[in-house]
Structure formats: C-alpha cells, structure tokens
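Chains, contacts and geometry: an overview
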Amino acid sequence: MVTSITPILIYVLIFLIPILLTFIGLPYHIRFMLKRGIYGVDIHKKEKPKVTEMGGIVILLSIIITSALGILLVETNVERFTIGIFCLTVTIAGIIGLIDDLVKLSAILKPLLLLVASVPIIASGFYHRLFVPEPYLPGVGQTRLTIVYYILLPLIIAVPSNSVNMLDVFNGSMASTSIIVLIAIFIANIVISGGNINSLDMTNVFVLMMVGTLIVFWIFNRYPAKVFAGDTGSLTVGAAMGAIAVLGQLEIVMIIAMIPFIMNSFGIIGSVRGLFERREMARPTKMTKDWKIESTRDSKAPITLVGLLIQNGPLHEKDVVKGFNILTFISGIFAVVTAFLIKMVI
Amino acid sequence: MRYYQLIPRTWKIIGLETFVFGSFIGICFLINAIITYIPDNPLQPGINFVYAALKVGIGIVLVVIWLLIWYLITKRLMRNDKINEQKIVKSN
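Residues numbered from 1 in each chain as written. Chains lettered and ligands numbered in written order. Predicted model: local features only at pLDDT ≥ 70, side-chain atom pairs only at ≥ 80, totals over all residues. Heavy atoms only, no water.

Points about the overall build of chain B
Along its length, chain B carries two helices and zero strands. Split into buried and exposed, the 92 residues of chain B put 29% on the buried side. Contacts in chain B between residues far apart in sequence, at least 24 positions, make up 59% of those at least 6 positions apart. (Helix = DSSP H or I, 4+ residues; strand = E, 2+ residues; numbered from the N terminus. Buried < 20%, exposed > 50% of the residue type's maximum accessible area, 1.4 Å probe, protein only. Contact = heavy atoms within 4.5 Å.)

Side note on the interface of chain B and chain A
Taken together, the 40 residues of chain B in the interface contact 48 residues of chain A. Of the roughly 3,900 Å² buried where chain B meets chain A, counting both sides, 74% is carbon and sulfur surface. The tally of links between chain B and chain A comes to zero salt bridges. The interface formed by chain B and chain A includes six residue pairs in polar contact (both at pLDDT 80 or more). Only helix H1 (3-37) and helix H2 (45-91) of chain B provide two or more residues apiece to the side of chain B that touches chain A. For the side of chain B that touches chain A, the leading source of residues is H1(B), giving 20 residues. Of the residues in the side of chain B that touches chain A, the class split is 25 nonpolar, six polar and nine charged. (Buried area = accessible area lost by both parts, 1.4 Å probe. Salt bridge = Lys/Arg side-chain N within 4 Å of Asp/Glu carboxyl O. Polar contact = N/O pair within 3.5 Å; in protein donor to acceptor, adjacent residues only side chain to side chain. Nonpolar A, V, L, I, M, F, W, Y, C, P; charged D, E, K, R; others polar.)

Some words on the pattern of salt bridges
All names here are of chain A. In total, this model carries five salt bridges over all chains according to the counting rule given. Here Lys110 and Asp100 are joined by a salt bridge, their closest N and O atoms 3.1 Å apart. Taken together, the positions of Lys110 in helix H4 (residues 109-115) and Asp100 in helix H3 (residues 77-103) put the pair 10 residues apart, joining distant regions of the chain. Judged by its relative accessible area of 3%, Lys110 is buried. With a closest N to O distance of 3.8 Å, Lys286 and Glu294 form a salt bridge. A single network of salt bridges, built from pairs that share partners, joins Asp42, Lys45 and Glu317.

Concerning unusual backbone geometry
Residues and elements named next belong to chain A. A cis amide bond, omega -15°, links Tyr223 with the succeeding residue Pro224. Along the chain, Pro224 turns up in the loop between helix H8 (202-221) and helix H9 (230-247). We note that Lys104 has phi near 55°; this positive angle belongs to a residue other than glycine. By the secondary structure assignment, Lys104 is in the loop between H3 and H4. One non-glycine residue, Gln249, adopts positive backbone phi at about 55°. With respect to the helices and strands, the residue Gln249 is situated in the loop between H9 and helix H10 (251-257). With relative accessibility at 13%, the residue Gln249 sits in the buried group.

Considerations on the nonpolar core
Residues and elements named next belong to chain A. Ranked by internal contacts, the top residues of the largest apolar core, which has 113 residues, are Phe86, Ile185, Phe206, Ile244 and Val320. For this core, the element with the most residues is H8, which contributes 12 residues. For Val320, the contacting residues outside a window of four places in its chain are Phe170, Ile293, Val306, Leu309, Ile310 and Leu315. (Core = buried A, V, L, I, M, F, W, Y, C linked by side-chain atoms within 4.5 Å.)

Re the packing of H3(A) against H8(A)
All names here are of chain A. Their axes nearest at 11 Å, the elements H3 and H8 cross at an angle of 40°. When the axes of H3 and H8 are compared, the pair comes out oblique. When the axes of H3 and H8 are compared, the crossing they make is right-handed. Between H3 and H8, the contacting residues are Glu79, Thr82, Ile83 and Phe86 on the first element and Met202, Phe206, Met209 and Met210 on the second. Class assignment for the residues of the contact of H3 with H8 results in six nonpolar, one polar and one charged. (Axes fitted to C-alpha atoms, helices over the stretch in contact; angles between N-to-C directions. Parallel < 35°, antiparallel > 145°, perpendicular 65-115°, else oblique. Left-handed = near helix turned anticlockwise from the far one by under 90°.)

Here is the structure:
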C-alpha cells in the first residue's frame, strides 16, 4: 500500500532538505575551491580577502537534488512533471552561468543563451502545458495573450536572470533581496490561490525550495563573504524566479516585486547604451580611505542603483545592501497589494 | 547604520517605486475600462477576433508606454544625480 504524504509535510521537507544540503555543501565547496586556487578577491575590503568563487554550484546542486527528492514525494504525474520542468529550466540557466564563470561569455551571447532556458517550459506543451498564457492583471483579472505570451515567454526567464546577475555586486545583496522577493511571492500566491493547505501548490513548493537554499547561502555570502555566488548562482536564482512566475501565473506580481532589480538594469543598459560585461565598463564606484563605497564620478561608468544610494555621501558596503533590502521590501509590499487587487477581480 | 537611518537616502528611489506601482495599477484600470467598452461579438467570429486583437493590442501599447516612462524617469533621475555629483566635484 502506498502511503500518501500530506502537503504540509511536503512543504516542510522541501524547505528543510535544501537547508541541509546547502549547509553541508557550502563549507565543502569553500575548502575544495580554495585548495585548488579558485577564488576571487573581495575588492571592497581593506584586507583584500580571498573569497571562494562559483558558490552558485551548490545552489544549483541543492535545487537539483531537492527536485529529485520532490519528484519522489509528490503523488501525481503532473506534479512530478512540473518539478522536472522547473529543475530543467533552472539547470540550463545554471549551466550557462557556470560556462560564463569559466570562460567568460560576451554580454550579448549570455542573454541570448538564456532565452534557451525557457525551452523546457514551452516544450512542456507537448505533454501537458504547465503554464496558462493568460496572466492576471490587477483590476482586470485574467487576460488572453496566447500568441503574444509565447513570444514573451523566453524573456520572462532571461530578464530576471540578467537582472539578478546585475544586482549581485556586494556581499549578501543577491541572496537577501532574492529572499525578500520570494517571500513576497509566497504571500501573494497565498492571497491569490486562497491558501488551501490541504492541496499541494507547486508555486509554494518552488518558493520554499529557493528560500531554504538562499537562507543558508546568505549566511555564507553576507558581509564579510566567505563565498561568492558567481554567475552560476545569480543566473540560477533569476531563472528560478522567472520559472516560478510563469508556472504560478504570477508574472505581474513578480515584475512588481522585482522593481529594484529592473530599475538597476534599466540604469545600466540605458547609461552605457547596450549590453556590456561588468569588466568591459568603467567602474561606477571606488573605495574611500575608511573603506566606504563612493561614486567614481566617471561619466563613462554605468548608472546603477548603488549610485543613487551613495549620492549623498559614501556608504559602507553593509549599508548599501541594507538600502537594497529596504527598496526590495517596499516593492515586496507592492507585490502583495497587487495580489489583493488581482484577487478582487477573479 | 541602522535601517531607519538609511530611509532618507532611499526616499527618492522609494518615490520612483511608488510611481511605477501606482501608474501600473492606473494603466490596468484603464485597460479594464477599454475592454469593457469594446464589445464581444460571438455571432461574428471574424469581427470578434479583430475586437479581441484590438483589446490585446491596446493593452500591450499601454504597458509598453508604462515601461518606457519608467525607463525614462529612471534614466533622468540617475542623470540628475550624475550632474549633481559633477557640480560637487567642480565646487571642490
């Protein structure tokens, strides 16, 4: 006789397993990479410490292993298929990030390759379409975009991936802001779906999986960082957010929750007029004598969210990240308000 | 620095966030009004398709305008900061 597992227990396991995996995996990864000389230098610290690179590999592995265990835990084939597609999408983005960490892809090629990450979601239609091409709009309800949605779908994965990547510039910034966005999405999803704990909601499963992974990653990545996520980590997390938005029909809520990320990308792309790699652009910030971050005032440097925060004087790295957190928290509140406005019309 | 001490540094960006959110909600209600205004015509599938395409088209145009305004304000806001910074450098 097959004993079914209650949704609550699945939620708890899906949250705890990545915590355990990341907690075990990261210290091992740090030691392994340092031993092989794969590290970067943290330029925002006086001591210029060596910090392990590509911590995103552990994030990616944690998602893959938790997804595999999730497939064993859930009951229906559609749920198994959904987890598989989510895992595949995130893995493709993660592998692109890994390649970028190893061989440095061009700033044009990377976003183009990220469009490929949406292929599993689009291809899911051949077996069982996992997404509804009818995003919810506040005050409007469900919209029918069908053809337009298919055209936009690759962007829904590629844009968050690149946006998260662009905000991963300081110790703990990517992890803390992503956790805030995901918590907002979790609450918004409960608001829209009604929060029935007796049925398994796959959006909640993916959010809990990501939050579990990112909480532990943040502990190692916060100031002073012991590990950097690298493009492997930021693209993995961004793709996961995009996939959650598509699979959970939360596209608009996700856009609102990610306002600071998008604003930062707008600033960078608009000011340098195109896509360039971080290393190809002039540095927008420099360090003061007391190791705070101030603007270089270089007219060729990209305009970033950090630039707005340090406009009235230099800030410590920790405070810049706190500024990011405040902005993401505000957009998170807006995302939840959006969810309530959607709920009113559906 | 504590979180509340950082609020004065972020008010301008919070203002922009609020504008982006508020204008989006406004656009959504505008889309809703347009959708209600353009009737459904199930008896004539051809015309109905044109109406549906018109609704989607107007919605997309409005969202694109919203994104464009958002982009322009972000750029403008950041450019002003850059000018202010350059003034500070000159005065120094």
